[in-house]
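Breakdown of the fold
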Amino acid sequence: MSTIFDLKIQVEAKHIDVLGHVNNVMYVQWMQDVAAAHIEALGLGLKQYFELKHAMVAVEHHVQYRKAALEGEEIILRTWLDDLNALYSFRQYAFYRPKDQSIIFMGNTKWACIEISTGRPKRMSPSFTQAYQPISSELDPMDFSVLYHQVG
C-alpha cells in the first residue's frame, strides 16, 4: 500500500508570470515533479520502467486553481494514489501554503500503462499493481497538520 507523499518547494522568480503570481502551467509541472518523486520513493521509478519495458504516462489531467501563489512562498506539493485497475492508476494532488493554511490548488491525473517500445496500452505488471496501491481509507490526505515523506 502506498502512502501520501509531500514535496516542499519554494516559489522562485522563474515560476512567476506577467501578472505577478505563479503561472498556471507551473502547477502542471509541479504535478509531474511530485508524482515522479513519489514513484521513486515507492521504488518503481524511471529506471525500473526501462528495466520492465513499460511505463505510466499521463492521459488526462483535471486542475482547479484556488488561490494565487507568489514568489518566495513555501508550498507543500502533496500527492497520493486513490484508485487502480489493470490499465490505469488515478493520482490526486493538493498543494498547500502553510503561511495561511490554504489549499491553493487541487488536481488529479489518470495515468495509463504503456509498452515503452510501441507506446501501446499494456496491462500493469504485478510490480506496478503492488507499488501503486491506493492509500488507506483511514488516511485523510487533506489533513496538513500531518506531513508525510518529504523531499526538499
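As a reminder, the structure under discussion sits directly above these lines.
Residues numbered from 1 in each chain as written. Predicted model: local features only at pLDDT ≥ 70, side-chain atom pairs only at ≥ 80, totals over all residues. Heavy atoms only, no water.

Side note on the packing of aromatic side chains
Enumeration according to the criterion identifies 12 aromatic pairs in this entry. Between Tyr-49 and Phe-128 the ring centres are 5.4 Å apart and the planes differ by 20°, which places this aromatic pair in the stacked class. Taken together, the residues Tyr-49 in helix α2 (residues 46–52) and Phe-128 in helix α3 (residues 126–131) connect sequence positions 79 residues apart. Across the pair, exposure class does not vary: Tyr-49 and Phe-128 are buried alike. Here a set of aromatic residues connected by ring pairs shows up, and it is made of Tyr-27, Trp-30, Tyr-65, Tyr-93, Phe-95 and Phe-105. Across from the ring centre of Phe-144, 4.0 Å away, lies the NZ or CZ of Arg-78, which sits over that ring. The lysine or arginine in question, Lys-110, covers the ring of Tyr-88, its NZ or CZ lying 4.1 Å from the ring centre. (Phe/Tyr/Trp six-rings, centres within 6.5 Å; stacked < 30°, edge-to-face > 60°. Helix = DSSP H or I, 4+ residues; strand = E, 2+ residues; numbered from the N terminus. Buried < 20%, exposed > 50% of the residue type's maximum accessible area, 1.4 Å probe, protein only. Lys NZ or Arg CZ within 6 Å of the ring centre and 35° of its normal.)

Things to note about helix α1 (residues 24–41)
For α1, which comprises 18 residues, the first-to-last C-alpha distance of 26 Å matches the rise-based estimate of 26 Å (1.5 Å per residue) to within 8%. Among the residues of α1, those classed as buried are Met-26, Tyr-27, Trp-30, Met-31, Val-34, Ala-35, His-38 and Ile-39. Its side-chain oxygen at 2.9 Å from the backbone nitrogen of Val-25, Asn-23 defines the N-terminal cap of α1. Within two residues after α1, Gly-43 carries a phi angle of roughly 85°, on the positive side. (Expected span 1.5 Å × (residues − 1). Polar contact = N/O pair within 3.5 Å; in protein donor to acceptor, adjacent residues only side chain to side chain.)

Regarding the side chain of His-54
Summarising the element assignment, His-54 is placed in strand β2 (residues 54–65). With a relative accessible area of 3%, His-54 lands in the buried category. When neighbours within four sequence positions are excluded, His-54 is seen to be in contact with Tyr-49, Cys-113, Ile-114, Glu-115, Ile-116, Lys-122, Ser-125 and Phe-128. (Contact = heavy atoms within 4.5 Å.)

Nothing here speaks to function; it is geometry throughout.
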